[in-house]
Structure formats: structure tokens, C-alpha cells
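Structural description and commentary
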Amino acid sequence: MPTRIAPCFDSLRANNEPALIAYVTAGDPDPETTVEIVAALERGGADLIELGVPFSDPIADGPVIMRASERALAAGTTVEKVLDIAAQIRQRSQIPLVLFTYLNPVMRYGFDRLAARAKQVGIDGFLLTDLSVEEAGSFVDAVKSAGLDTVFLVAPTSTDHRLQLVAKYCSGFVYVVSRTGVTGEQSQVSASVAPLVERLRGFTDLPLGVGFGISTAAQAAQVGAVADGVVVGSSFVRAIESTPPADLFDTIERMARDLKRGAKAGRS
Amino acid sequence: MLSSMPDAGGHFGPYGGRYVPEVLMAPLDELEQAYRKVQADPDFQAELAGLLKNYAGRPTPLYYAKRLSEKLGGAKIYFKREDLLHTGAHKINNALGQALLARNMGKRRIIAETGAGQHGVATATACALLGLGCRVYMGEEDMRRQRLNVFRMRLLGAEVFGVTNGSRTLKDAISEAMRDWVTNVDNTYYLLGSALGAHPYPMMVRDFHRCIGDEAREQILLAEGRLPDAAIACVGGGSNAIGLFQAFIGDPGVHLIGVEAGGKGKATGEHAARFSGGAPGVLHGAYSYLLQDNDGQVALTHSVSAGLDYALIGPQHAYLHDQGRAEYVDCDDATALAAAVELSRVEGLIPALESAHAVAEAIARAPRLPGHVLLVNLSGRGDKDIDIYRENLKELDADSHSPMF
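What you see is a predicted model, and the numbers here were worked out from it, not measured in a lab.

Definitions and cut-offs
Just so you know, the residues in each chain are numbered from 1, in the order the chain's sequence is written. Chain A is the first chain written and ligand 1 is the first ligand written, with later ones labelled in order. Given that this is a predicted model, residues contribute local features only at a pLDDT of at least 70 and side-chain atom pairs are listed and counted only at 80 or more, while totals for whole chains, interfaces and linings are drawn from all residues. The side-chain figures draw on all heavy atoms in the structure; neither hydrogens nor water molecules are used. Strands are runs of DSSP state E lasting at least 2 residues, helices are runs of H or I lasting at least 4, and numbering of each runs from the N terminus. One fewer than the residue count of a helix, multiplied by 1.5 Å, yields its expected span. Only protein chains enter the accessibility calculation, which uses a 1.4 Å probe; a residue is then buried when its area is under 20% of its type maximum, exposed when over 50%, and partly exposed in between. Directions are taken from the helix axis to each C-beta atom, and the arc is the one they span. Residue contacts are defined here by distance: any two heavy atoms, one from each residue, within 4.5 Å place the two residues in contact. For two strands to count as paired, DSSP must find a minimum of two bridges between them. Each axis is a line fitted through C-alpha atoms, taken for helices only over the stretch in contact, and angles between the N-to-C directions span 0 to 180 degrees. Between 30 and 60 degrees the pair is tilted, below 30 it is stacked and above 60 it is edge-to-face, where a pair is any two Phe, Tyr or Trp rings, Trp via its six-membered ring, whose centres lie within 6.5 Å. Should the NZ of a Lys or the CZ of an Arg lie within 6 Å of a ring centre and within 35 degrees of the ring normal, that charge is described as sitting over the ring. By salt bridge we mean one thing: a side-chain nitrogen of Lys or Arg within 4 Å of a carboxyl oxygen of Asp or Glu. Defined here as a combined quantity, buried area equals the accessible surface (1.4 Å probe) lost by two parts on assembly, summed across both. Under this definition, polar contacts are N or O atom pairs within 3.5 Å; protein pairs additionally need one hydrogen-donor-capable and one acceptor-capable atom, and for neighbouring residues in sequence, both atoms have to be side-chain atoms. Put simply, Ala, Val, Leu, Ile, Met, Phe, Trp, Tyr, Cys and Pro go in the nonpolar bin, Asp, Glu, Lys and Arg in the charged bin, and everything else, Gly too, in the polar bin.

**Describing helix α2 (residues 42–56) of chain B**
Residues and elements named next belong to chain B. For α2, spanning 15 residues, the distance from its first C-alpha to its last is 20 Å, which sits close to the expected 21 Å at 1.5 Å a residue. Buried within α2 we find F44, L48, L51, L52 and A56. Each buried residue of α2 lies within a common arc of 100 degrees when the element is viewed along its axis, so the set occupies one face. Turned more than 90 degrees off the buried face of α2, the exposed positions are P42, D43, K53 and N54. On its buried side, α2 packs onto α1 (25–39), α4 (91–104), α5 (118–130) and α9 (201–209).

Listed below in C-alpha cells is the structure:
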């Protein structure tokens, strides 16, 4: 039985529409607010949510998401609390949810135990930024047995051999890292994106979501023109950090609407 | 075979491996291939051997500590004198090896992390020697504790980049160096300073340090006509220890003893004793014993010695521990400081705070072991730690006439 991810991309594809994939760090600034932020993202047109589980040593993240992880941890966010947040989101929405984090908190919780709990609360898949496919055997087994998706990343440095290997372990979609570097906004979309997407299409029919450094509607249009999904993280997280609480949900909804409109414009 | 580890994927039993973002996977393959190539390249090996001999000062002596041994009245204690090397510690072995490798790979920009500053100084030195650009990441808390080494690096032409994230110590410096590497991987070589991180680093760093044990083995055979009963070294990431142990892994009669930082005492939670306080986990690219909380967040560590103040132990040590081939103990701050004072006064050797942990273990064991030979790696000298010794030995600083211990 497929998760919510494949049907989501199928229906978008039927409309010739790229997905807007939004990342937020769960528990930043606190668990209740995360639930409302996700609702605002969905109202604005986000199609899929990456829910970040904060980690103490986020080596793949730039300063914006690093600070969000620190805030979320300071607010007492644990894996268990992120599962609660997901359950609350799921009570109100059928938007696909992917847990996005580093390996150690997941390993500590236990692969089988977490996969079973994730299924129970309505999570659809996992993405662990520091888990290479070479080391992923038992993790992939646990997640697949629970009927959930495993999303892995490819990068501009990935050789063809690696693209093939990573695609083999992926389900749901493939996360395409747009450039070498950590998460964070950039003034331009990397020139690596189009050739990397093209290379990867030779190895998989899965939808491709492109992320890292995308923050404006114009950039979303550029990416939407070549990929199946546009991932935006740091600019939402920065807005969560800097927007007064009274304006936060409207701001997030408006940002999502602009980005989604931009992504769609890339197809026209 | 314990001595032929790791496997093709960089595993020591279940430990080690390659747990990094995908961006780094192909570059790590490339690094491993380049390393295997220079291993078999006689020109490279001759150049490295020449630098180790004429520039760094190898082979280092093996010194019989007669006064200390006689005072303790048990085992004979020998020190492998890595403290006599250029820049003051064993770290230069690995820094020279990797810097030459970087130059061979055509990488002109070197980045490194440092805790106490010894690896940073060694890297800055190797880069000055080879004309390579050098940036060293160092936690701001460590920069404060090790001001002298910060200036030494700057004098050598390196850029010291203060890290303000997290606990502002070694762990955060490594994270920041990895972020730099992920971003600039095309033109940058990451010169990692301990037997940690993703494959091939634990293997490569060990290999560049195995001269410590290889030399000591020959030297002790010459001095005593037999192998030592025990080989003792301090373990932060574990580079000096694995460099010593590797030569003896195949000798079951040699007891291998690693000494971790007990900090303020294990009951306080402020320590870096991974085997008694940690559980297997992943940090900075490797799977090994890790100090962490119940939710998988990396714990804050403490040691008076910045070089032992790290949450994960090198993966080969984890394997040697599980196999029962090596024993790991810990030594608290106060005991290490007392051992440093004892060694200074009885032998005229002021050890680095890290090495003082290994000295303390030898001092504790020797009286019970008459007829035994203990080989201790004196991995570094104490020049860099004089400020910390002064801070922690205030009575000694205030009154030169009263005995301290």
C-alpha cells in the first residue's frame, strides 16, 4: 500500500504542477505553534511537509536551521514530542509528512520501534541527512516493513554509479541537493541543478524534489521548470524566527502562496 | 584478523563506516583512492620518512624512567618520547602525512579542527612547510583556554576561525570544519586530527601514527630483550593510543590500556568516559561509543584537558574494547594533575595534560607489578598547558617553598 507521497505527486503531475515541499523544525518555537505553522503552510499551497527533528550537531545545516534546532531543543523537543506533533497534524490534515533529521536520534529510539510509531501517528516517510545508502540496510528494512518511504539525497558530487545506487534505495521521491554546501538561502539557483536532474532521470522514474538555497518565487519557478518538487526550508525557518507571533501564520501562508505560484509559473 | 582492519567499507566490526551527507561520499572515495595510491608510492613514502626524520625529529627516544620506577617500587616504566617532536606532540606525524597527501591530490586549501590547539599548530606548521593555505576551526571556549596556541597558529600563517556554536569546544569545531568541507569540497582538503570521522580517516590517521608503536616495539626489545607487559596511552579520539597499540595488537601478552578523561568524576556527569557513560551512536561520520542522552542528543563533555574533551571515541577503540583486546579506564582531572606534578618533580618531564592521564594510570599500576615492564606514550609536552597548570595549582604558584603533594 503506497503512502500519501506517491498519490500526492501523481495528482500534481496530472495537473502539470510542481510540488511545494516545505521544511520546518518541529518544536520551534514550541510544539503547539508547529502544528499551526503546518496548517498555515497547507493553506498557502504546500503539498508536502518535511518535519525536522532537532539534533544537537547538525553538520549539514547552515546558521538559520542550526539556530532553530537549538531553540527547539531548548523548548524540550524530543523524538516522542515530534511524533505527538505529527499525530496532531494528522488529526486535521492528509498532507504527506516526512520526518527529516540526522541518524543518531533515530538510532537511539530504535529503527523498528520508530518506524512502527511513525506509521501509527500518520507519518509517511523518513529522510536522514547523514545516513549514506551504504550504511542504510537495517534502517531501510525497518522502514519498508512498516510500509513507509525512505527518501535519500543525491548531490552534484554524486557519480552516476552513486545516483543509481541511491535511486535504488529511495521510495516516495528523491531529494536533489542543488549545490555543495549546507542548508541556507542563496541569491541564485545553482547551475548544477538542471544537469543533475537530467542525469538522475536516467536512473529513476521517482519524482525529484530539489532543495538547498531556494527562497524566492523566481527561484521556485526556475526549479519548478525542471523538477517535480521545490523544497524550501531556511526562509520559512527564518520567518518563524523573526516574525512577531501575531503575524506569523499569515506571513507563513503568504510566503507559501508566493512560492507555490512561482513554482507553477515555471511550467507555463 | 584484528590487525588487518578495517574492512572495505571502513568497518571495525560494527564500528566506523561512513555516515556523512551524500555530498561527501564521492570525495571520500576519491580520498581513499588517493591514500591507497601514496601508500604504495615509494617516492611519497621516502619524502614523508625524510620529513619525519629531519624535520619532525623521528625516531623519538624510548626513555627508562628510573627514578619514578624506583620510587614506585614495582614495574619498570618506559616513556615513548613523542613530547620531543617538533610542535610538541605526536600530532605532527599525521599532519605531515596528510598535508603531503593533500598536495599530491592538488588541493591547495587545507582546513582543520582543533581542541587544545596541538593539531591546529601541527597542521599550520605542515601547511607553512608545504606552502598550503590553512584555516583552523577552534571553539571560542578553547581559544580562551589555549591562547598561546592560537597565536602560534597565526604566527605560522594560519587563519584561526573562532566557532561560537553549541558548547564552543572541539565537537563544534569539527562540525564547523565539516560544513566548510561540504561547501568547498572541490578545492579543499579536510585534515582531520584524530582517528575519528568517516572512512578512510580512522584508518589513515592510525597508519600515519603507527610509527609510534613500531619504533617503541623495536626499542623495548633492544632495551629489555622482551615485549612490555602493558602499553598505556590516553584516549580522546584515540590517535596516539591507536598509533601505539597497532604494533602490539597481534601480541596477546601485551596488555593494551587506554585512559579516558574522567573529568570531575563520573558521578558528576562532567567527564568524557565514553565506555562507562556512553552507548554506540553516530557523530561526525563514524559509529562508535558516544556520550549521549536518552533522546540521542550528543552530551556535553568535560575534561581539564581539551584534547580528551570529546563525546565519541575512535571506532577501532570501540572494536578493541568489545573484543576484550584492549582495556579502557578513566582518570579524573585531579589525579591527572597530581601525576603531572609527580612526573615533573621526579623525572623533570612536564607532560601535556592529555598525556598526564596515561602517566597517572602507570603510577597507579606500577607498585602492584614488580618485574613488569610498562610502556607509556608520553604523547605531548606541557608547554601549552602552563596557564591551566597555574590555574589549577594555585598553592604551588603562590608559595614556592611548600610541597604540593
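**So, the sheet that holds strand β4 (residues 125–128) of chain A**
Sheets are built from strands paired through backbone hydrogen bonds, the pairs being either parallel or antiparallel. All names here are of chain A. With parallel pairing, 9 strands are arranged side by side in an open sheet as β5-β4-β3-β2-β1-β9-β8-β7-β6. Because the sheet does not close on itself, it has two edges, and the strands there are β5 (149–151) and β6 (153–154). Docked against the sheet, helix α7 (residues 137–145) engages β4 and β5, running at close to 140 degrees with respect to β5. Contacts from helix α12 (residues 245–265) reach β1 (19–25) and β9 (229–232) within the one sheet, and its direction differs from that of β1 by about 145 degrees.

**Digging into the packing of aromatic side chains**
Under the definition given, this model contains 18 aromatic pairs over all chains. The interplanar angle of 75 degrees and the centroid separation of 6.3 Å between the aromatic rings of F152 of chain A and Y169 of chain A together place this pair among those described as edge-to-face. In this pair, F152 of chain A is assigned in the loop between β5 and β6 and Y169 of chain A in helix α8 (residues 160–169), connecting sequence segments 17 residues apart. The class of Y169 of chain A is partly exposed, set by a relative accessible area of 24%. An aromatic cluster is present here, built from Y15, F275, Y287, Y289 and Y328 of chain B joined pairwise through their rings. Above the face of the Y64 of chain B ring, K76 of chain B is positioned so that its terminal group lies 5.0 Å from the ring centre.

**A short note on the pattern of salt bridges**
Residue and element names in this part refer to chain B. Summed over the entire model, instances satisfying the criterion amount to 52 salt bridges over all chains. Between D142 and R145 there is a salt bridge, with its nearest N and O atoms 2.8 Å apart. Of the two residues, D142 and R145 both sit in helix α6 (residues 140–145), 3 residues apart, roughly one turn of that helix. Classification of D142 as buried rests on a relative accessible area of 1%. For D229, the salt bridge identified is with R226, shortest N-O distance 3.0 Å. Judged by its relative accessible area of 30%, R226 is partly exposed.

**Here's the deal with the interface of chain A and chain B**
Between chain A and chain B, the residue contacts involve 38 residues of the former and 37 residues of the latter. Of the roughly 2,800 Å² buried between chain A and chain B on both sides combined, carbon and sulfur atoms contribute 53%. For chain A, the biggest contributors to the area lost against chain B are I59, R108 and E135 of chain A; these three give 25% of the whole. Counting across the interface, chain A meets chain B through 2 salt bridges. Between K171 of chain B and D57 of chain A there is a salt bridge; the shortest N-O distance is 2.8 Å. Summed over the shared surface of chain A and chain B, the result is 22 residue pairs in polar contact (both at pLDDT 80 or more). If you list the elements that add at least two residues to the side of chain A that touches chain B, you get α3 (63–74), α5 (103–109), β6 and α8 of chain A. Examining the composition of the side of chain A that touches chain B, we find that 5 residues originate from one element, α5 of chain A, more than from any other. Classifying every residue of the side of chain A that touches chain B gives 18 nonpolar, 11 polar and 9 charged.

It is worth stressing that arrangement in space is one thing and function is another; only the former is reported here.
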